[in-house]
Amino acid sequence: AKSIWGIALVEQAQGKFAEALAKYNQVLEIQVKALGHDHVDVAATCINMGVVLRAQGDYAGALENYQKGLEIQLKTYGHDHVDVAKSIWGIALVEELQGKFAEA
């Protein structure tokens, strides 16, 4: 899963969002089977999928993935962790792009 995840990161950086998203979906399937739904690696993959979906303009999909990742992070880390803050920032960014300024 780590190798596929690395390839997805490269494709994401190259702007090959559809390819990156397909790889992240593969990684997510492997991670859930191996680690369970509430593992921080699953959260990281969800967050990365949110980043890709945001770049593609799929704000609903981006929010869904950011929120999944955030839920896992909150269970694992609590509220006072840098990864939790980054996920909340990602959600706020998507809400801002949607014009939901009060929520952001």
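Everything quoted here is computed from the prediction, not taken from an experiment. (Residues numbered from 1 in each chain as written. Predicted model: local features only at pLDDT ≥ 70, side-chain atom pairs only at ≥ 80, totals over all residues. Heavy atoms only, no water.)

What exactly am I supposed to notice about the overall build of the protein chain here?
When you go through the protein chain residue by residue, the secondary structure sums to 5 helices and 0 strands. Listing the helices and strands of the protein chain from first to last along the sequence gives α-α-α-α-α. Here the protein chain has a C-alpha radius of gyration of 13 Å; the compact-globule value for 104 residues is 13 Å, and the two agree. Split into buried and exposed, the 104 residues of the protein chain put 35% on the buried side. Within the protein chain, residue pairs in contact and separated by at least 24 positions form 46% of the contacts whose partners lie at least 6 positions apart. Accessible surface, the protein chain: about 6,000 Å² in total, of which carbon and sulfur atoms supply 56%. Across the protein chain, 9 positive and 13 negative side-chain charges occur, with their mean positions spaced 6 Å apart. (Helix = DSSP H or I, 4+ residues; strand = E, 2+ residues; numbered from the N terminus. Rg over C-alpha atoms; globule rule 2.2 N^0.38 Å. Buried < 20%, exposed > 50% of the residue type's maximum accessible area, 1.4 Å probe, protein only. Contact = heavy atoms within 4.5 Å. Areas by Shrake-Rupley, 256 points an atom, 1.4 Å probe, with all protein chains shown as cover. Lys, Arg positive; Asp, Glu negative; His and termini not counted. Charge placed at Lys NZ, Arg CZ, Asp CG, Glu CD.)

Note that all results are geometric; they support no functional claim without further evidence.
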